[in-house]
Structures are given as C-alpha cells and as structure tokens.
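Overview (structure and organization)
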Amino acid sequence: MNHLNSINNPKAELHIHLEGSLEPQMILNLAKRNNIQIKYSSLAEFAKAYQFKNLQEFLDLYYLGMSVLKTENDYFDLTYAYLTRAHQDNVTHSEMFFDPQAHLERGVSLDIMMSGLWRAIVQAKADYGINGSLIPCFLRHLSENNALSVFDDLMNYRDKIIGIGLDSSELGNPPAKFKNLFNLARKEQLKLLAHAGEEGPVSYVWDALDILGVDRIDHGNAILSDQALIKRIATDKITLTMCPLSNRCLQVVPDLSKHQAIELLNHDVCVTINSDDPAYFGGYINQNYVELATALNLTDAEINKLIENSLTAKFV
Ligand code: HPA
Ligand code: ZN
C-alpha cells in the first residue's frame, strides 16, 4: 500500500481539543514549572493509565491532565506545540476547540487563556503559515445557566472566536438543554457545532440539527443506523468531523475495520478525518488517516475525498 503520498497532502483539521494535545511529557514539565502535584510522575505511569473503556473514563483523566495549565505562557506553549505538530502533518488550517469552563473552574481567567492561545496562533502563522482559529466548547455536564454566563464573558473576545461547540459527557445531557445558548450564539453570527452520536443515540443528532441548528456534527458515528438521518445530513451538506483513533480508544467502535466513516462517505455524507485528543488516543491527524486507510483498505480516491472534504468544510 502506498497511500502515504496522498495522506501527506495539505489538509484542514476540524476536530481537535487543544487540551487533548497536552502530551504527558508537557504535563510533567508544567506540573514542575507551576509547582503542582499530580497523580502520575512518569511517562510509564501515564501510559498505564491511558486505557479507557468509555468517554467518561477518558474525560476524568483529560480534566486531570489540563489542571497543570495556569499561566499565559502555559496556554501559549500548549497551542504552539500543537500547531507545530499539525504543520508537520501538512495541516494548513486548524479550527481548534478549547474548554473555557474547565479552566475558569480552576481560577484561570479568560484573559490568561485567550492571550496565550491567540499569541500562539499569531506566532505559528508567522513561523509556518498555518491558519489557526478558535472554537470554545461548552461542557454539557454543567448547567445552561453556567454556559450562558461564560458565553456573556466570551463576547469580550468575539473577534477571536469563530463558533461555539458542545462537548464532555454526552449520555444524559441532550442538546435541548442548551437551546437558549445556541440561539444567542446564532444572533452573534457564530458557527454552531455539537458533539453528537459519539456515545449518544441518533435522537441527539436529530436534536442538534433541529433544536440547536448546528452547522457541523462532531463524531456522529450513530448516524449510520438511521437512513432518514443519513439522507438529511447528506442533503443539507452537514459535515461530520470523525475521529477514528478516538473512537477505537473509547470503544465507540470495536476496531477500525468497523469504522463508519467510509460507509457514510459512500452515502454522500461530507465526512472528515481528525485527531480529537491526539495526546490521549495514540496519534495526530495523519496517523488517523494511515490507520483508517490500512484497516479499510482505502483507495487513493477515498483518501483524497476525505482530505478535500476537510478543505471545503472549514469555516475560515
Ligand atoms: N467527546 C466529548 N467531549 C470531549 C471529547 C470527546 O471526544 N474530547 C474532549 N472532550
Ligand atoms: Zn471531540
């Protein structure tokens, strides 16, 4: 198989949580720099801990990992390291998620977060020509009132964000819970996204479309079981930002040969391939392409279509 040429073509990454690109080595370095005690003290201990049965087991460690982020420099280092790594995979545009509430809860201000993230975007653009954009995600396990208050503060940085998303624990936290938030964001002409159909049922995907009016669905694995929904998503040209290695790690699929991406692509759905939380799931974006291509024996045409979709579906 010689897919490596097409996999290395210029591409966009549309589903990456910056906090999920925090490598264990950087967690250790930042813990030391900020004088923070953490549960794991070596790379071997991290490797042993990073085995997940489901989304929640991952999220528990993801929130623990990001607790070492404190200063403007920390947010700069995190973002600059990710953009450097993405550039190596020939990513030309990255629309990056971050979780403001998870940092505010620990006493880090929006000002510190936004300054560090933005400075890294400017620096990486100057150094590599890569285009980075920011999409704050709201934690669906928290209340809508909390989201509304953070949204209000985020509007002080309106020019630095392109949209909003919805992430964290899906089951039991349906899209309808955030209807008012999404209505407000629509008025601000922000792009609207939601994680849906990763662990949750197809009804959550329908609701993300019908109640929240999202422009893109993050994951959407469950869609394949609902013909009417596939048709709706294909007709309305709703992009799915799928993440194969994440799905395997969190046991959304038993192995990559069962991944839904190519069947959905063959149903005319605008599927894209992304890394989600690469420091936790064993690979950055090109590794997601390589392993999916190997497991499903993808043709160059299929790989090129996935890459082309990423460039058509980017907001910026
Ligand atoms: N799903 C939900 N929330 C998340 C994820 C995910 O895959 N990654 C980071 N936060
Ligand atoms: Zn995600």
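To start, this report covers the structure provided alongside it. (Residues numbered from 1 in each chain as written. Chains lettered and ligands numbered in written order. Predicted model: local features only at pLDDT ≥ 70, side-chain atom pairs only at ≥ 80, totals over all residues. Heavy atoms only, no water.)

Time to look at helix H2 (residues 24-33). Buried within H2 we find Pro-24, Met-26, Ile-27, Leu-28, Leu-30 and Ala-31. If you follow the buried residues of H2, they end up packed against helix H3 (43-49), helix H4 (55-66), helix H5 (72-88) and helix H14 (278-281). Asn-35 lies just past H2 and shows a positive phi near 60 degrees. (Buried < 20%, exposed > 50% of the residue type's maximum accessible area, 1.4 Å probe, protein only. Helix = DSSP H or I, 4+ residues; strand = E, 2+ residues; numbered from the N terminus. Contact = heavy atoms within 4.5 Å.)

On to empty space enclosed by the protein, then. For the coordinates displayed, the defined rule picks out three cavities of 30 Å³ or more. Counted as a void, the largest cavity has a volume near 100 Å³. Along the wall of the largest cavity there are 16 residues; nearest its centre are His-17, Leu-55, Phe-58, Leu-59 and His-195. When residues of the lining of the largest cavity are assigned to their parent elements, the largest contribution, four residues, is made by H4. Looking at the lining of the largest cavity residue by residue, the classes come out as six nonpolar, five polar and five charged. Volume-wise, the second largest cavity comes out at about 50 Å³. By residue number, the principal contributor to the lining of the second largest cavity is H4, which donates three residues. (1 Å grid on protein atoms, 1.4 Å probe; cavity = no way out; pocket = protein on both sides within 12 Å on 5 of 7 lines; lining within 4 Å. Points joined across faces, edges and corners; volume = space filled by probe spheres on them. Nonpolar A, V, L, I, M, F, W, Y, C, P; charged D, E, K, R; others polar.)

Attention now moves to the packing of helix H8 (residues 144-154) against helix H9 (residues 179-187). Put simply, H8 and H9 touch, their axes get as near as 9 Å, and they point 20 degrees apart. Put simply, H8 runs roughly parallel to H9. For the pair H8 and H9, the crossing hand works out as left-handed. The residues of H9 that touch H8, namely those facing Glu-144, Ala-147, Leu-148 and Phe-151, are Lys-179, Asn-180, Leu-181, Leu-184 and Ala-185. Residues that form the contact of H8 with H9 fall into these classes: six nonpolar, one polar and two charged. (Axes fitted to C-alpha atoms, helices over the stretch in contact; angles between N-to-C directions. Parallel < 35°, antiparallel > 145°, perpendicular 65-115°, else oblique. Left-handed = near helix turned anticlockwise from the far one by under 90°.)

Binding of the zinc ion (ligand 2) to the protein goes through His-15 (NE2), His-17 (NE2), His-195 (NE2) and Asp-276 (OD), at separations of 2.0 to 2.2 Å. Angles of 81 to 173 degrees at the metal separate the four donor atoms of the zinc ion (ligand 2), which places the site in the irregular class. Sequence spacing among the residues donating to the zinc ion (ligand 2) works out to H-x1-H-x177-H-x80-D. Grouping residues by exposure puts His-15 and His-17 together as buried. (Donors = N, O, S within 2.8 Å, 3.2 Å for Na, K, Ca; no water. Tetrahedral: all angles 85-135°; square planar, octahedral: opposite > 155°, others 65-115°.)

Glancing now at the site of ligand 1. Around ligand 1, the structure places His-17, Leu-55, Phe-58, Leu-59, Tyr-62, Asp-167, Ser-168, His-195, Glu-198, His-219, Asp-276 and Asp-277. At a separation of 3.2 Å, a nitrogen atom of ligand 1 approaches a polar side-chain atom of His-17. For ligand 1, an oxygen atom lies 3.1 Å from a polar atom in the side chain of His-219. With the chains in place, 100% of the 260 Å² that ligand 1 exposes on its own is no longer accessible. Applying the majority rule of atoms within 2 Å of the grid points places ligand 1 in the largest cavity. In terms of residues, the shell around ligand 1 owes the most to one element, H4, which gives four residues. Residues of the shell around ligand 1, tallied by class, amount to four nonpolar, four polar and four charged. (Near = heavy atom within 4 Å. Polar contact = N/O pair within 3.5 Å; in protein donor to acceptor, adjacent residues only side chain to side chain. Areas by Shrake-Rupley, 256 points an atom, 1.4 Å probe, with all protein chains shown as cover. Sits in = over half its atoms within 2 Å of the grid points.)

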